[in-house]
Amino acid sequence: MKRMFTALFALAVFLFWMLVLPYHVLYQEEIQIFPYTWSHLRQCLAFPGGVASYLGEFFVQFFHVAWLGALSLAVLTALAQVQSWRVVRSVKADADNVWYPLSFIPAVCFWAFLCDAGNLVSALVAFLLVCETAVIVRKGKHGKLWVPAIALAYYLAGPMAFILVLVPLVDIFTSDPAKRAAKVLDAALAALACGLVAVLSTVVFTQYPVKSLLCGVEYSHIPGQYTASFWTSVISLPAVLLFSMLPGGERLRKKTRIYVLAAFSVVISLASYAYVRKHCSRDLERVYAYDYHAAHRQWDKIIAMAEKKTPRTPSEVICLNLALVMKGESGDRLFEFFQSGVPGLFPNYDTYVFLKFTGSEALYQAGLLNMALHYSFEAYQTFPGGRESARHIKRMAEVNMIKGTGDVAEKYLKVLSRTLFYGKWAKRYLQDQSLMLEDAVYSRLAGCRNSAPDIFDDMYDFPKQAILRSQVAKSGKADESYHYLLAYDLLDKDVESLASDIRLAKIEGPVPVLYQEALLVPWIASGGKADYDRDLVSDMVLSRAQAFAEDLQTGRVTSYMKARYGKTFWFYYGDK
């Protein structure tokens, strides 16, 4: 029966990560890297909790595939439940089965803990290591083992090991009165061991803040940040241990015990559902989904998401505009969705780390290679905790190959060649970087290389527009860089620039509607007296411009104008 409950719990966790937060799983893998090298292992062994961190990264590498990541999390979370019950039974072998549902509480706490992408799987691995240490020591039945066990557990799992002190403490109340004095001594030694380990760690590992040494170096992406879900996870096992020491339902009839167990299970299940749901951010999942689709060039999926719910966050808007440009639809559909101006194309340089991920994708696809490299490098260097990222390393390798700086690209490719999921790709280009020209995207971007003196001046918006303009003038093609340039002009309300930029390349087929609308702005403003490019503007758009001008002159209310012209450039141009 217990195994069935554990299996059902694991299935629920698997389905949750697969169906509710799959992009949280994929995002975790993108911002970490697990190279199979001795140097990486030595690096992890150099701090307390490094073994748990190494094992956590090992599991996270499988998050590259959503179902593998969901399966890994399901197994680890189910193991947390199994280990919690083993610890309870190691302290009180005759623990009443009525308390069995309590063993799911630590697992649920870590489930909710990992809903925050800023928290690391290494914390859950550390918990499993600490539980196994407690079970092994209890089986040894020698109280003096707590001292070396706590020291070893601290090195393997970090300060999560300090919860071990509660096990010998609980032992005092479950042991025979004749052995109680010895148990008190064991608990005192365990407490002393915790104190000595804490003090020695601050002396030996001076490169880490005291707070991290006492609360965890590698439990969160952001050093020193410990959320409420973290502390709940830490105290969950001690709470379960203490609660399970209470008298159970030994005196109840068998049938009554079943009812009590069922009722208790329902209460725990409902409370767990509410707790996990509280920590489950669907809005953040949506942001990660946009970013993932952009990184993997899944433009149709981005547009489909936007059609269901208009994007509002900076990252979502950037991904949507990128997708519209790459699909060649930006000139017709840009204002069907919420727009935030030029930052909706390229984020400002002085932005937060995550937006640099998305910004780098947009700059890269627009052909602003050095800026894309700059954003990726800055995000790589400034990521909280100093963790390396497979995604950033790959981008820096790609840009350097495209730019022709093969020696620099080789350094990044060597790192990726020692990973499980990026190794094949990296080894291919390590053998011959010229193979990149066989890829349509790399080949297109190779034509965007630019050595102009303002290429590195990406602290302001103007150089982006200038570099895009020079790229289009050089290629003479109405490609992605061209549509990015005109989208820049539209969002910047720069109709003068658009009137000249639109002539830099010949558009195949009809001129997109938004470009035509922008060309008619001076004509509308002059009351139909200014000239316009008659060969670029269709009669249908001109007729609609006349209707817009008439409605504008008659003083139509904003709600009416938005309902009728809300998706036009004219409405965006006049919106304050």
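Just so it is clear, the structure is predicted and the values come from calculations on it, not from any experiment.

What counts and what doesn't
Residues numbered from 1 in each chain as written. Predicted model: local features only at pLDDT ≥ 70, side-chain atom pairs only at ≥ 80, totals over all residues. Heavy atoms only, no water. Domains from an automatic or database assignment. Axes fitted to C-alpha atoms, helices over the stretch in contact; angles between N-to-C directions. Helix = DSSP H or I, 4+ residues; strand = E, 2+ residues; numbered from the N terminus. Parallel < 35°, antiparallel > 145°, perpendicular 65-115°, else oblique. Left-handed = near helix turned anticlockwise from the far one by under 90°. Contact = heavy atoms within 4.5 Å. Nonpolar A, V, L, I, M, F, W, Y, C, P; charged D, E, K, R; others polar. Buried < 20%, exposed > 50% of the residue type's maximum accessible area, 1.4 Å probe, protein only. pLDDT = per-residue confidence, 0-100. Polar contact = N/O pair within 3.5 Å; in protein donor to acceptor, adjacent residues only side chain to side chain. Salt bridge = Lys/Arg side-chain N within 4 Å of Asp/Glu carboxyl O. Expected span 1.5 Å × (residues − 1).

1. Quick look at the domain arrangement of the chain
Here is step 1 of the chain: Considered domain by domain, the chain is made up of domain 1 (2-280), domain 2 (285-492) and domain 3 (509-576).
Here is step 2 of the chain: Domain 1 and domain 3 are separated by 63 Å when their C-alpha centres are compared.

2. Focus on the packing of helix α5 (residues 66-91) against helix α6 (residues 104-113)
Here is step 1 of the chain: Between α5 and α6, the shortest axis-to-axis distance is 7 Å and the interhelical angle comes to 150°. With respect to their mutual orientation, α5 and α6 come out roughly antiparallel. Remark: the crossing between α5 and α6 carries right-handed chirality. Within the contact between the two elements, α5 uses Thr77, Ala80, Gln81 and Ser84 and α6 uses Phe104, Pro106, Ala107 and Trp111.
Here is step 2 of the chain: Along the lines of polarity and charge, the residues of the contact of α5 with α6 split into five nonpolar, three polar and no charged.

3. Thoughts on the packing of helix α14 (residues 282-295) against helix α18 (residues 353-365)
Here is step 1 of the chain: Two elements in contact, α14 and α18, have axes separated by 9 Å at closest approach and are oriented at 30°. Considering their axes alone, α14 and α18 lie roughly parallel with respect to each other. Both α14 and α18 take part in a crossing whose hand is left-handed. Contact with α14, carried on its side by Val287, Tyr288, Asp291, Ala294 and Ala295, involves Phe354, Phe357, Thr358 and Glu361 of α18 and no other residues of that element.

4. Considerations on the environment of alanine 112
Here is step 1 of the chain: Looking at the secondary structure, you find alanine 112 in helix α6.
Here is step 2 of the chain: Residue class for alanine 112 comes out buried when judged on its relative accessible area of 1%.
Here is step 3 of the chain: When residues no more than four places from it in sequence are discounted, the contact partners of alanine 112 are Tyr275, Val276 and His279.

5. Examining the confidence of the model for the chain
Here is step 1 of the chain: Scored by pLDDT, the chain has a mean of 88; 92% of the residues are at 70 or more.
Here is step 2 of the chain: The secondary structure element of the chain with the lowest average pLDDT is helix α9 (residues 166-174), at 78, and the one with the highest is helix α15 (residues 299-308), at 97.
Here is step 3 of the chain: Here residues 453-458 scores under 50 on pLDDT; set against residues more than four positions off or in separate chains, the count is 14 contacts.

6. Regarding unusual backbone geometry
Here is step 1 of the chain: The backbone phi angle of arginine 297 is positive, close to 55°, even though this residue is not glycine.
Here is step 2 of the chain: Structurally, the position occupied by arginine 297 is in the loop between α14 and α15.
Here is step 3 of the chain: Here lysine 493, not a glycine, exhibits a phi torsion of approximately 60°, which is positive.
Here is step 4 of the chain: Judged by relative accessible area, lysine 493 falls into the partly exposed class, the value being 30%.

7. A short note on the side chain of histidine 40
Here is step 1 of the chain: For histidine 40, the location among the structural elements is in helix α3 (residues 38-44).
Here is step 2 of the chain: Given the relative accessible area of 9%, histidine 40 is considered buried.
Here is step 3 of the chain: Within the structure, histidine 40 has its side chain in polar contact with the side chain of glutamate 57 (distance 2.6 Å).
Here is step 4 of the chain: Beyond its immediate chain neighbours, meaning those up to four positions away, histidine 40 contacts Ile33, Phe34, Pro35, Tyr54 and Glu57.

8. A closer look at the pattern of salt bridges
Here is step 1 of the chain: Tallied over the full model, the rule gives 20 salt bridges.
Here is step 2 of the chain: Of the charged contacts, one joins glutamate 30 and arginine 391 as a salt bridge, the two residues approaching to 3.0 Å between their closest N and O atoms. In this pair, glutamate 30 is assigned in helix α2 (residues 22-30) and arginine 391 in helix α20 (residues 390-403), connecting sequence segments 361 residues apart.
Here is step 3 of the chain: A salt bridge links glutamate 410 to lysine 414; the shortest N-O distance between them is 3.5 Å. Here glutamate 410 pairs with lysine 414, and both are found in helix α21 (residues 406-417), just four residues apart, close to one helical turn.
Here is step 4 of the chain: Lysine 414 gets classed as partly exposed once you look at its relative accessible area, which sits at 38%.

9. Examining helix α16 (residues 314-326)
Here is step 1 of the chain: Compared with an ideal rise of 1.5 Å per residue, which puts 13 residues at 18 Å, α16 spans 18 Å between its outermost C-alpha atoms and is within 8% of the ideal.
Here is step 2 of the chain: Counting buried residues along α16, twelve of its 13 residues qualify, which places the element largely inside the surrounding structure.
Here is step 3 of the chain: The set of residues buried in α16 consists of Ser315, Glu316, Val317, Ile318, Cys319, Leu320, Asn321, Leu322, Ala323, Leu324, Val325 and Met326.
Here is step 4 of the chain: Elements that come into contact with the buried residues of α16 comprise α14, α15, α17 (330-333), α18, α23 (440-446) and α25 (480-491).
Here is step 5 of the chain: Positive phi appears at glycine 328, one or two residues downstream of α16, with a value of about 75°.

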